[in-house]
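Secondary and tertiary structure notes
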There are 2 protein chains.
Amino acid sequence: MTSPASALIAIDWGTSNLRASLLDASGAEIETRATPGGVMAVKNGAFGEALLALCGDWIERRADALIASGMVGSRQGWKEAAYLDCPAGLAEAAAQLTRVDVLPDVPLHIVPGLTCRSPDGEDDVMRGEETQMWGADLAPGSICMLPGTHAKWAWIGEAGQVTRFATYMTGELYGLLTQHGILGRLMTFGQSSPEAFEAGVRLGLEQHDNATHVIFAARTAGLMGRVPAEGLPDYLSGILMGIEIASATRTERPRAVVLLGDDGLCSRYAKALELAGIASTRAADGATTRGQWRVAQAAGLVERQP
Amino acid sequence: MTSPASALIAIDWGTSNLRASLLDASGAEIETRATPGGVMAVKNGAFGEALLALCGDWIERRADALIASGMVGSRQGWKEAAYLDCPAGLAEAAAQLTRVDVLPDVPLHIVPGLTCRSPDGEDDVMRGEETQMWGADLAPGSICMLPGTHAKWAWIGEAGQVTRFATYMTGELYGLLTQHGILGRLMTFGQSSPEAFEAGVRLGLEQHDNATHVIFAARTAGLMGRVPAEGLPDYLSGILMGIEIASATRTERPRAVVLLGDDGLCSRYAKALELAGIASTRAADGATTRGQWRVAQAAGLVERQP
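Note that the coordinates shown come from a computational prediction; the quantities given were computed from them, not determined experimentally.

Attention now moves to the overall build of chain A. Counting its regular elements, chain A contains 10 helices and 14 strands. At 21 Å, chain A has a C-alpha radius of gyration in line with the 19 Å of a compact globule built from 306 residues. Principal axes of the C-alpha set define a box for chain A whose edges measure 65 × 40 × 40 Å. Counting the 306 residues in chain A, one finds 53% classified as buried. Sequence-distant contacts in chain A: of pairs separated by 6 or more residues, those separated by 24 or more amount to 65%.

Take a look at the structure:
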């Protein structure tokens, strides 16, 4: 049995996870491997060793190009890949890859992250989500929402360029408030409560301009017995999502948003968006690998299909 | 040498601290003692023992009345003291004291906390701050702001009644984000940076309706080198205070606010309020003990002055 012909090793290297996919000459996945060896888990800059441990057999036996996106290009990563200013698309990214050597004469090309500056001089940054969006076939004029620890809202221009974007700390705030804060003390975890979630979303949507007050409702609703202890986690989650959605759409309310990411989180956001009167669709799976393939094509690392 | 005649033992028993003051028949402090033995530090409900350890000599040798305010009246405290609904003043509080026995026939009277309900059915709560405000000689129509882990904004009516109030989780959020979150990773602590603080306040004031996004600026400003690592703690503190001030005053902008609390925090809020175009004054020291004295008078626990 001969191995199928491969063309690209596509690496998604985030804060907490490392995933490598072997792609054939049409960009289809032959094999994928993953470990929890994210950027934060790599000690003493041993990024090459971490990658070889996961897929050294692919790298040593084949002459495939290597591309990576995500936090591997951050200051805490293998090598800092300078940010691209928005608006930016995959052509600009392909022209600004950062090279590191996995082995002598075996380069890995790191996709740059994006930065965008708001009119009042405040910056925002992303690393990894841009590549995911370039693989998601987003229509010009659409808004893409990527749930997570640091949720991203991105406005898409011509040819899938990212025109501007904004980060919301929704996931991190939920984690901090429930695991380390006073709100968590009244909570019982592990049960889902669609009713409490919906009440929370409505409150967050109504009072997004009073955010650091309204999250305290996840304590008072417990104290006053309005939301049972097992409903309080979903109540807080709803409040934070409501705040995020109303904030991100405060100047212009979209009719629809494209959700890109984890199934469970996307379902929750779809429900919250519905309560805000905003429709949502789901991007197809495999966007990250597809985006990496497209950047590699644009950079000439793999042959373009005829 | 004889001890001066005492009349009241006034106890301020919060989450983290326990403080007892011995007051004479005019309400003046004879002596004050404090320990870090707050409500959270008391094990197995041993509140009586904790109080006797601090000032058992006062309690056993004298026939003074005892009054307490703060988290000692919470569900995690000695005994839950039912909340009073706003509007509420010290006359209403004096009529609803909760009794526990320190020793047989030695009662301690716990001042109730306050609750207020917003038009959309959301509750808010306070315990301790109400008594502090009743000792602060607040004018009808004034707004009182009490900085802290859970900062309070209170609107004052006739005879010092608290008409309504709102909690802002500013202090807790600062602690969580800097001690347990990603924002703290870029920060160098221990230096003050008035410039970064001011820039943060301005950003928070401008984007209070985008709160869970704009706190992320305390990361990006560090990544982009716009704020040095040692300025980032004050930058975040300013952003959170700016969000709080603009949120609390979003429906009606006051000309002035009375600050009540810790000197350092009140100075920071005074500066932030100034940047928001709101004047501030400081309430006199000793408000908690004075408030407890006044509630005790209204309840007939001590004689009223002629």
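Moving on from the coordinates now.
Take the sheet that holds strand β7 (residues 106–110) of chain B next. Residue and element names in this part refer to chain B. What the 6 strands build is an open sheet, ordered β3-β2-β1-β4-β7-β6; its pairing is mixed. Sheet topology places β3 (29–35) and β6 (98–103) at the edges, where each strand pairs with a single neighbour. Between one strand axis and the next, the sheet turns by 25 degrees as a mean value, whatever way the strands run. Bridge analysis of strand β1 (residues 6–13) against strand β4 (residues 65–69) gives 5 bridges, and the strand direction is parallel. When the sheet's bridge partners are listed, Asp12 is paired in β4 with Ser69. Where helix α10 (residues 287–298) meets the sheet, its contacts fall on β1, β2 (18–24), β3 and β4, and the angle it forms with β1 comes to roughly 125 degrees.

Okay, the nonpolar core next. Counting 204 residues, the largest nonpolar core has A:Leu8, A:Ile67, A:Cys144, B:Leu8, B:Ile67 and B:Cys144 as its most contacted members. What A:Cys144 contacts, discounting residues up to four positions off in sequence, is A:Met133, A:Ala136, A:Leu138, A:Ala154, A:Ile156, A:Val258 and A:Leu260.

Structural alignment of chain B on chain A gives an RMSD of 0.0 Å, achieved by rotating through 180 degrees and translating 0.0 Å along the axis. Given the turn and translation reported, the copies of this chain are related as if by a two-fold rotation axis. Residue B:Asp209 of chain B places its C-alpha closer to the rotation axis than any other residue of that unit, at 2.0 Å.

Glancing now at the sheet that holds strand β4 (residues 65–69) of chain A. The pairing of strands in a sheet happens through backbone hydrogen bonds and is either parallel or antiparallel. Residues and elements named next belong to chain A. With respect to topology, 6 strands assemble into an open sheet ordered β3-β2-β1-β4-β7-β6, the strand pairing being mixed. Unpaired on one side and paired on the other, β3 (29–35) and β6 (98–103) mark the two borders of the sheet. Looking at each pair of strands side by side, their axes are set apart by 25 degrees on average, direction ignored. Of the strands in this sheet, β1 (6–13), β2 (18–24), β3 and β4 are in contact with helix α10 (residues 287–298), which crosses β1 at around 125 degrees.

Turning next to the pairing of β4(A). All names here are of chain A. Of all 5 residues that make up β4, 5 are buried, and the element is covered over most of its length. Burial along β4 is two-sided: Ala65, Ile67 and Ser69 and Leu66 and Ala68, pointing in opposite directions, are all buried. Sheet topology places β4 next to strand β7 (residues 106–110); 3 bridges connect them, and they run parallel. Within β7, the position partnered with Ile67 by the bridge is His109.

Looking now at the interface of chain B and chain A. Every contact between the two is made by 38 residues of chain B and, on the other side, 37 residues of chain A. Classifying every residue of the side of chain B that touches chain A by side-chain character gives 18 nonpolar, 11 polar and 9 charged.

Moving on: the environment of B:Ser142. Residue and element names in this part refer to chain B. Inspection of the secondary structure puts Ser142 in the loop between α3 (129–134) and β10 (143–146). C-alpha separation for the pair Ser142 and Trp155, spaced 13 residues apart in sequence, amounts to 6.3 Å. Once residues within four sequence positions are removed from consideration, Ser142 is found in contact with Ile156 and Val258.

Looking now at the packing of helix α8 (residues 232–248) of chain B against helix α9 (residues 263–275) of chain B. Residues and elements named next belong to chain B. Contact geometry for α8 and α9: axes closest at 10 Å, N-to-C directions at 60 degrees. Considering only the axes of α8 and α9, their crossing is right-handed. In this structure, α8 contributes Gly238, Met241, Gly242 and Ile245 to the contact, and α9 contributes Arg268, Tyr269, Ala272 and Leu273. Here the residues of the contact of α8 with α9 sort into 5 nonpolar, 2 polar and 1 charged.

Residues and elements named next belong to chain A. Here strand β10 (residues 143–146) runs beside strand β13 (residues 256–259); their pairing, made up of 2 bridges, is parallel. Paired with Cys144 across the bridge in β13 is Val258. Both β13 and strand β14 (residues 279–282) contribute to a ladder of 4 bridges, which runs parallel. Its bridge partner lying in β14, Leu259 is registered against Arg282.

Bringing unusual backbone geometry into the picture now. For the bond running from A:Cys86 to A:Pro87, omega is -5 degrees, close enough to zero to count as cis. Secondary-structure assignment places A:Pro87 in the loop between β5 (84–85) and α2 (90–94). For A:Asp137, which is not a glycine, the phi torsion comes out positive at approximately 50 degrees. Here A:Asp137 lies in the loop between α3 (129–134) and β10. Phi at B:Asp105 takes a positive value of approximately 65 degrees, unusual for a residue other than glycine. Topologically, B:Asp105 is positioned in the loop between β6 and β7. The exposure class of B:Asp105 is exposed, given the 6 C-beta atoms found within 10 Å.

In this section: the domain arrangement of chain A. On domain assignment, one finds that chain A holds domain 1 (6–137 + 291–298) and domain 2 (168–282). Once you take the C-alpha centre of each, domain 1 of chain A and domain 2 of chain A turn out to be 32 Å apart.

Rules and cut-offs
Residues numbered from 1 in each chain as written. Chains lettered and ligands numbered in written order. Predicted model: local features only at pLDDT ≥ 70, side-chain atom pairs only at ≥ 80, totals over all residues. Helix = DSSP H or I, 4+ residues; strand = E, 2+ residues; numbered from the N terminus. Rg over C-alpha atoms; globule rule 2.2 N^0.38 Å. Buried ≥ 20, exposed ≤ 12 C-beta atoms within 10 Å, placed from the backbone. Contact = placed C-beta atoms within 7 Å. Pairing = 2+ DSSP bridges. Axes fitted to C-alpha atoms, helices over the stretch in contact; angles between N-to-C directions. Core = buried A, V, L, I, M, F, W, Y, C linked by C-beta atoms within 7 Å. Least-squares fit on C-alpha atoms with pLDDT ≥ 70 in both. Nonpolar A, V, L, I, M, F, W, Y, C, P; charged D, E, K, R; others polar. Left-handed = near helix turned anticlockwise from the far one by under 90°. Domains from an automatic or database assignment.

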